[in-house]
Amino acid sequence: MSTRYKVGGRTHTIRELLEEQKDRVPITILGWIQNKSFIGGMIFLIIRDGSGYIQTTIKKENVPPEVFNVVKDSTKESAVKVIGETKLDKRAPYGLEIIAKNVEIIAKADVWPITRSAIRSPSFLYDIRHLSIRGKKASSVIKIRSKVIEAATEYFFKNGFYLISAPSIVQSACEGGATLFEVDYFGQKAYLTQSAQLYEEAAILALERVWTIEPCFRAEKSKTAKHLTEFWMIESEVAFATHEDIMRLEEELVSAITHKVAEECSGELKILGRKFTPPEPPFYKITYDEARDLIMKRGVTFEWGEDIPTEGEKIISNEFDKPVFIKEFPLSARSFYHMTKLDNDKVTLSSDLIAPEGFGEITTGGQRLSDYKELEKRILQQDFPKESFQWYLDLRRYGLPPHSGFGLGVERVTRWVSGVKHIRATSLFPRTPTRLNP
Ligand code: 4AD
Ligand code: MG
């Protein structure tokens, strides 16, 4: 956490103190009481700020007389200001503690409702997510998610991509009609966006290589451990790029993200009990046909041309020790915009990147159809009015070269890296078919 942004007289963040590990430094910190205990006439507080945790010892003789009792009566999750100095102490939980000279209760909390038995009820914890996000594990996942985005941002800017923003209220479906959220737009039918891809395809004609990070919406009624109805997608589109080029880009990006998280979120990963080794490129590549053979051998059957069922995806995910691209999906299992192979119009130049350890799909990408007539035919096969796709078709009349792109689910990647079972843990306030509050 930056040392420059200081408020309320704070001299250090907790992380800075723990990194510096210096004895007898005068400090003022701001934070919350994560835990309080009273042993041998002394009060021990674990103070938490946005950056970390530290033990604070309050001895009667060190603080003004009234302060000792105020702290003794203080409640968990009250906001506090602690003035004191550091003390190196191997016995302290973080190798360094604070000896308080004064403690001010800035905002006293009511009795904290999250008891030990409450922790055993995930649904209760999500009912009070506005409070439970303070938990050590809950907040660690959110910090890792922030690092995933930071790493991606760094990667794209370093590599000459422009960040663009596409509308969230749209008229053209990108990923099929079944999962659209409808919006009444002053009497006109509109939808919440499923993906920024179509807009990115317009943008590359001006900017050549672009990326977006935006909320996407899918009315997926199925309750699974990897679907949210609102999630964030990082997408990128590149003019003149082939499907192979885009897989390389995905590989580099996923590698950059996972290495940065492993290096800079080691504390959070430890809190989560997650042993994570970032994968080294190149990732594996298999075809849909090869994946299907393997899945069928393990007893899960599905017809050629169907999307890979969840159980099948899990088999692939558990088979490899690092991410694997499944490429050359049948057109019948894909959205309308996919380019097919030159020698086989039933097979697309597209792929899903499957994370290992059972976590499954984290990206989908591929080459787009650049031909006007063929795309028009595909659009007419959909149930959508052609007018809403006219602008997208138009791109094919004005110099659209071969191009490719992909989308990466921010929460899917966070789930994998953090090693959490359910995707809802990766969202601050998850939206699922049964959860709209808080
Ligand atoms: O596979 P999807 O649907 O692909 C697209 O939307 C393309 N238009 C992207 C592109 O080529 N620009 O979504 C991309 C990724 C998935 O691989 C997954 O990681 C994530 O977005 N995703 C979801 N994450 C959470 N909840 C959901 N319901 C998700 N649906 C997709
Ligand atoms: Mg996909």
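Structural data are supplied above this passage.
Throughout, a residue's number is its position along its own chain's written sequence, starting from 1. Labels are handed out in written order, letters beginning with A for the chains and numbers beginning with 1 for the ligands. The predicted origin of the model limits local features to residues at a pLDDT of at least 70 and limits the giving and counting of side-chain atom pairs to 80 or more, whereas totals for whole chains, interfaces and linings rest on all residues. Excluded from the side-chain calculations are hydrogens and water; all other atoms, namely the structure's heavy atoms, are used.

1. Considerations on the packing of aromatic side chains
Stage number 1. Within 6.5 Å between ring centres, the rings of Phe, Tyr and Trp (the latter by its six-membered ring) count as paired, and their orientation is classed by plane angle as stacked under 30 degrees, edge-to-face over 60, tilted in between. What the rule picks out here adds up to 18 aromatic pairs.
Stage number 2. Ring geometry for Tyr-288 and Phe-302: centres 6.2 Å apart, planes at 85°, overall edge-to-face. Of this pair, Tyr-288 sits in helix α10 (residues 288–297) while Phe-302 sits in the loop between α10 and α11 (310–319), and the two are 14 residues apart along the sequence.
Stage number 3. Put simply, the rings of Tyr-199, Phe-336, Tyr-337, Phe-384, Phe-389, Trp-391 and Tyr-392 touch in pairs and so form one group of aromatic residues.
Stage number 4. Any Lys NZ or Arg CZ found within 6 Å of a ring centre and within 35 degrees of that ring's normal is scored as a charge over the ring. Arg-209 extends its terminal NZ or CZ atom over the ring of Phe-161, reaching a point 5.6 Å from the ring centre.
Stage number 5. The ring centre of Phe-329 lies 3.8 Å from the NZ or CZ of Arg-334, which sits over that ring. In this text, helices come from DSSP runs of H or I with a minimum length of four residues, and strands from runs of E with a minimum of two, each type numbered from the N-terminal end.

2. A closer look at the site of ligand 1
Stage number 1. For this description, a residue counts as near a given molecule or strand if any of its non-hydrogen atoms is within 4 Å of it. The environment of ligand 1 is made up of 23 residues, and the closest members are Glu-175, Gln-197, Glu-235, Glu-361 and Arg-368.
Stage number 2. Polar contacts here mean pairs of N or O atoms no more than 3.5 Å apart (in protein, one a potential hydrogen donor and the other a potential acceptor; neighbouring residues in sequence count only if both atoms are side-chain atoms). Glu-175 is positioned such that a nitrogen or oxygen atom in its side chain is 2.7 Å from a nitrogen atom of ligand 1.
Stage number 3. Accessible surface area values rest on a Shrake-Rupley calculation with a 1.4 Å probe, where residue burial reflects the displayed protein chains alone. If ligand 1 stood free it would expose 620 Å²; the protein chains cover 96% of that surface.
Stage number 4. Broken down by secondary-structure element, the contributors of at least two residues to the shell around ligand 1 are β11 (230–239), β17 (360–367) and β18 (403–409).
Stage number 5. Here the shell around ligand 1 gets 4 residues from one element, more than from any other, and that element is β17.
Stage number 6. Residue type decides the class: Asp, Glu, Lys and Arg count as charged, Ala, Val, Leu, Ile, Met, Phe, Trp, Tyr, Cys and Pro as nonpolar, and the leftover types, Gly among them, as polar. A per-class count over the shell around ligand 1 returns 8 nonpolar, 7 polar and 8 charged.

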